[in-house]
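Topology and contacts: notes
Residues per chain are reported as follows:
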Amino acid sequence: MSSLYSVRDKYIFLIVSFALWFSHFIYLPILTPYIETMGGKYTFIGIVLSSYGLMQFLFRLPIGIYSDLFRLRRPFIVAGMLISTTSCLVFALTDSLGWVLIARSLAGIAAATWVVFTVLYSSYFVDREVHQAMSSISFVVVLAQLIGMSLSGFIVNEWGWRAPFWVGGITSIMAAILFLFIYEEKEGKASVPVKVKDLTSVIKEPMLLKVSMLSILAHSIIFTTMFGFIPAYALKIGLHTSDISLIVFAFMIPHAIATLFMGKVIVPLLGKWKSLNIAFLASSFFTLLTPFMESKGLLMIIQGFNGFSLGILFPLLLGLAIESISHEKRATAMGVYQALYALGMFSGPFIAGVLNSGFGITAGFYFTGILGLIASILVITWSRKEAIALKEHCNISS
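All residue numbers here refer to positions counted from 1 along the written sequence of the relevant chain. Per-residue local features are limited, in this predicted model, to residues with pLDDT of at least 70; the limit for side-chain atom pairs, both in listing and counting, is 80 or more; totals at the level of whole chains, interfaces and linings are taken over all residues. Think of the side-chain values as coming from all heavy atoms in the structure, minus any hydrogens and water.

This paragraph deals with the overall build of the protein chain. The numbering of helices and of strands both runs from the N terminus, where a helix is a DSSP run of H or I of at least 4 residues and a strand a run of E of at least 2. When helices and strands are counted, the protein chain shows 15 helices and 0 strands. For every residue, the accessible area (1.4 Å probe, protein chains only) is compared with the maximum for its type, and the residue is labelled buried under 20%, exposed over 50%, or partly exposed between those bounds. The proportion of buried residues among the 398 residues of the protein chain is 51%. Residue contacts are counted whenever heavy atoms from the two residues lie within 4.5 Å of one another. By sequence separation, contacts in the protein chain at least 24 residues apart represent 85% of the contacts at least 6 residues apart.

Structure follows, in structure tokens:
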């Protein structure tokens, strides 16, 4: 591949990656209140929100395995963008709560193709540049989330509830067409499919299981709060749809900043386990405070602190997931990790939706805050065990 051709493909790839997440997040802040206007109760809203994570849990690993088996990436990515388009169009064209559930489930299947996105994009770089590649594509994801969620309330305020879905659908179909022109190098020899025994050995890796458990709790928090019921709560306390964009900004900007500072400042200063503990405790505290915030300014401040806390957690957990895994099994480990944390993406909103239906919308925030406390207890317990094991190992060695 020529260097010019490679640069062109990298830029196209980043544009398509942006489009995938933009099309999913352009309507996310208004999804909960939109379903409420259609007559959906909190239990049903929880089911709709959780279907996104459930589909990723079910499809991520199979998509990765079949992509390896057929030694193809591009068809899976184009299919993902077309499914994303279909999801947005179903949202835009339906008045049925049942079709709303189907539309959000389709969005989850489209998001599951992200496993293939990361594999193909990394193939455009030599080994020493892989971290740079993942940094670039991660930034694009955060940028798509920020811009999409920030525009959501404004678009609804100007053009109505269905306008974000039309914007997402048009963006997805244009990206799918654009990606047809991207280069995918053919592999010279057949790749070896993932063996069951290799997959089993990775799943049994203690650190991977611990980190996956913590990630399940972290994803439960964010998909129940900012990506779940925060917009509905904001409208409940008297804010307008246009104010949702301000709440999103307040959350996402500190979230992005924390991602940048996590590896260079926070972890070197505090260490991995202490960073995790502080971040989970902070997120728990600010989530539990949310039901007491009844003004726009206070809600924005609380979401800013929560966004920063969660911004520390996700990249740190991602690194810990593969840190103890040998290089030849890291792709499998990442597939397992991404499939497992999707459990939090559907279990958290689902349980919160049930609680909100029975006890009011504040119940979900109390439940989510408790999840953060549980995560903190697990971090303290596991860090102490690791310290004891390390000390015993040092004693034996000496």
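On to the packing of aromatic side chains, then. Think of it this way: a Phe, Tyr or Trp ring, Trp meaning its six-membered ring, pairs with another when their centres are within 6.5 Å, and the plane angle makes it stacked under 30 degrees, edge-to-face over 60, tilted otherwise. Evaluation of the coordinates by the stated rule reveals 21 aromatic pairs. Their ring planes at 70° and their centres at 5.0 Å tell us that F25 and F227 sit as a pair that is edge-to-face. Of the two residues, F25 is situated in helix α1 (residues 3-25) and F227 in helix α10 (residues 206-236); the sequence distance between them amounts to 202 residues. Here F25 and F227 have matching classes, each one buried. Measuring from centroid to centroid gives 6.2 Å for F154 and W159, while their planes differ by 90°, and the two rings are edge-to-face. F154 sits in the partly exposed class, given a relative accessible area of 42%. Judged by relative accessible area, which is 62%, W159 ranks as exposed. A network of ring pairs unites the aromatic residues F13, W21, F25, Y52, W114, F117, F179, F223 and F227 as a single cluster. Cation placement over rings: the criterion is NZ of Lys or CZ of Arg within 6 Å of the ring centroid and within 35° of the ring normal. The aromatic ring of Y52 is capped on one face by R104, whose charged end is 3.9 Å from the ring centroid.

Let us look at the packing of α10 against helix α12 (residues 272-289). Helix packing geometry: the angle between the two helix axes and the distance between the axes. Inter-axis angles, ranging from 0 to 180 degrees, are taken between N-to-C directions of lines fitted to C-alpha atoms, where helices are fitted over the stretch in contact. One way to put it is that α10 packs onto α12 with a least axis distance of 12 Å and a crossing angle of 25°. The angle between α10 and α12 places the two elements in the roughly parallel class. Here the hand of the crossing between α10 and α12 comes out left-handed. Along the contact surface, α10 presents M207, L214, A218, I221 and T225, while α12 presents W273, L276, F280, S283 and T287. Amino acid classes used here: Ala, Val, Leu, Ile, Met, Phe, Trp, Tyr, Cys and Pro are nonpolar; Asp, Glu, Lys and Arg are charged; the rest, including Gly, are polar. Partitioned by chemical class, the residues of the contact of α10 with α12 number 7 nonpolar, 3 polar and no charged. Here is the rule for angles: anything less than 35 degrees is roughly parallel, anything more than 145 is roughly antiparallel, 65 through 115 is roughly perpendicular, and the remaining ranges are oblique. It is the rotation of the near helix from the far one that decides the hand of a crossing: anticlockwise by less than a right angle makes it left-handed, clockwise makes it right-handed.

Mapped onto the elements of the fold, S150 is located in helix α7 (residues 130-159). Accessibility expressed as a relative area gives 8% for S150, which makes it buried. Those residues in contact with S150 that lie beyond four places of it in its chain are S245, V248 and F249.

Each salt bridge in this description consists of a side-chain nitrogen of Lys or Arg and a carboxyl oxygen of Asp or Glu lying within 4 Å of one another. Scanning the entire structure with this criterion turns up 2 salt bridges. Put simply, D95 and R162 hold a salt bridge, and the shortest N to O gap is 2.1 Å. With D95 in the loop between α4 (74-93) and α5 (97-112) and R162 in the loop between α7 and α8 (163-179), this residue pair connects regions lying 67 residues apart in the sequence. Between K296 and D243 there is a salt bridge; the shortest N-O distance is 3.3 Å. Residue K296 is found in helix α13 (residues 296-323), and its partner D243 is found in helix α11 (residues 243-270); the two are separated by 53 residues along the sequence. In this structure K296 comes out as partly exposed when scored by relative accessible area, which is 32%. When its relative accessible area of 10% is taken as the criterion, D243 is described as buried.

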